[in-house]
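Take a look at the letters that make up each chain.
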Amino acid sequence: DDADVEKETKKRKRKRNRKKKNSDNATDGADGDTTPNESDAAKLSSVEHTVFIEGLPFTSTEHEVRAFFTAHGCKDVLQLRLPTWQDSGRLRGFGHVVFASQETRKHALSDEVNGKSMGNRYITVKEANAPRAGTTAGAAIGGKARE
């Protein structure tokens, strides 16, 4: 019996070491803007801080779109939601940009940004509509799914 107990203790599976998220490293204070707080989370889902953009070049990247807004005076971009095609990974040509302040959003809607060219295409910036019920974004804020 003692031999069986020793074999069972030796046969125990080793626990797999998983990578831990660096949540405690993000609050070092070196980059205070990198950690989203409660107000940033509210801004990400609010229409008051979001604009809809269309006319994006299909070959552009998220970095290039962020650089476009930074170059035109909109430096506080919180989030870019740029849908891509599943098969090729190319941009679909439109998206949503969330800003940290409403002043920057108004600047993006102005003629200083709206209508400017990026990669031989003209970018159109419009006010974002509220998410519709039945969509993934609408369900996230409490909308009911379609039946």
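Here is a short report on the structure shown in this document. (Residues numbered from 1 in each chain as written. Predicted model: local features only at pLDDT ≥ 70, side-chain atom pairs only at ≥ 80, totals over all residues. Heavy atoms only, no water.)

**Some details on the overall build of the chain**
Link 1 in the chain: Each helix and strand counted, the chain has five helices and six strands in total.
Link 2 in the chain: Of the regular secondary structure in the chain, the N- to C-terminal order runs α-α-β-α-β-β-α-β-β-β-α.
Link 3 in the chain: Out of the 147 residues belonging to the chain, those deemed buried represent 24%.
Link 4 in the chain: The long-range share in the chain, meaning contacts at least 24 apart out of those at least 6 apart in sequence, stands at 60%. (Helix = DSSP H or I, 4+ residues; strand = E, 2+ residues; numbered from the N terminus. Buried < 20%, exposed > 50% of the residue type's maximum accessible area, 1.4 Å probe, protein only. Contact = heavy atoms within 4.5 Å.)

**Some words on the side chain of His49**
Link 1 in the chain: Tracing the backbone through its elements, the reader meets His49 in the loop between helix H2 (38–44) and strand E1 (50–54).
Link 2 in the chain: For His49, a relative accessible area of 11% corresponds to the buried category.
Link 3 in the chain: The contacts of His49, once residues within four sequence positions are left out, are Lys43, Val97, Val98, Phe99, Ala100, Ser101, Gln102 and Arg105.

**What to know about helix H4 (residues 102–109)**
Link 1 in the chain: All of the buried residues in H4 are Thr104, Arg105 and Ala108. The buried residues of H4 occupy one face: seen down the axis, they fall within an arc of 105°. Among the exposed residues of H4, those oriented more than 90 degrees off its buried face are Glu103 and Lys106.
Link 2 in the chain: Those residues of H4 hidden inside the fold are in contact with E1, helix H3 (62–71), strand E3 (94–99) and strand E6 (124–127). (Arc of directions from axis to C-beta.)

**A word on the nonpolar core**
Link 1 in the chain: Ile53, Val65, Phe69, Val97 and Phe99 are the most contacted members of the largest nonpolar core, which has 18 residues in total.
Link 2 in the chain: Sorting the residues of this core by element identifies E1, H3, strand E2 (77–81) and E3 as the ones contributing at least two each.
Link 3 in the chain: In terms of residue count, H3 provides more of this core than any other element does, three residues in total.
Link 4 in the chain: Once you skip the residues sitting within four places of it in the chain, Val97 turns out to touch His49, Thr50, Val51, Ile53, Phe69, Val77, Gln79 and Leu80. (Core = buried A, V, L, I, M, F, W, Y, C linked by side-chain atoms within 4.5 Å.)

**A look at the pattern of salt bridges**
Working definition: two side chains of opposite charge can pair if their charged atoms are close together.
Link 1 in the chain: Counting across every chain of the model gives three salt bridges.
Link 2 in the chain: Between Arg66 and Glu62 there is a salt bridge; the shortest N-O distance is 3.7 Å. In this pair, Arg66 and Glu62 are both assigned in helix H3, four residues apart and thus about one turn of the helix distant.
Link 3 in the chain: A relative accessible area of 43% places Glu62 in the partly exposed class.
Link 4 in the chain: Glu127 is the partner of Arg105 in a salt bridge, and the nearest nitrogen-oxygen pair spans 3.9 Å. Residue Arg105 is found in helix H4, and its partner Glu127 is found in strand E6; the two are separated by 22 residues along the sequence.
Link 5 in the chain: Arg105 gets classed as buried once you look at its relative accessible area, which sits at 11%.
Link 6 in the chain: Look at Glu127 and you get exposed, because its relative accessible area is 55%. (Salt bridge = Lys/Arg side-chain N within 4 Å of Asp/Glu carboxyl O.)

**Here's the deal with the sheet that holds E2**
Link 1 in the chain: If you walk across this open sheet you meet the four strands as E2-E3-E1-E6, and the pairing is antiparallel. Two strands in the sheet have a free side with no partner beyond their single neighbour: E2 and E6. Here the strands of the sheet are splayed against their neighbours by 25° on average, with no regard to which way each runs.
Link 2 in the chain: Judged from the four bridges that link them, E2 and E3 form a sheet pairing that is antiparallel. Paired with Gln79 across the bridge in E3 is Val98.
Link 3 in the chain: On top of the sheet, H3 reaches E1, E2 and E3; it is set at about 135° to E2, its chief contact. (Pairing = 2+ DSSP bridges. Axes fitted to C-alpha atoms, helices over the stretch in contact; angles between N-to-C directions.)

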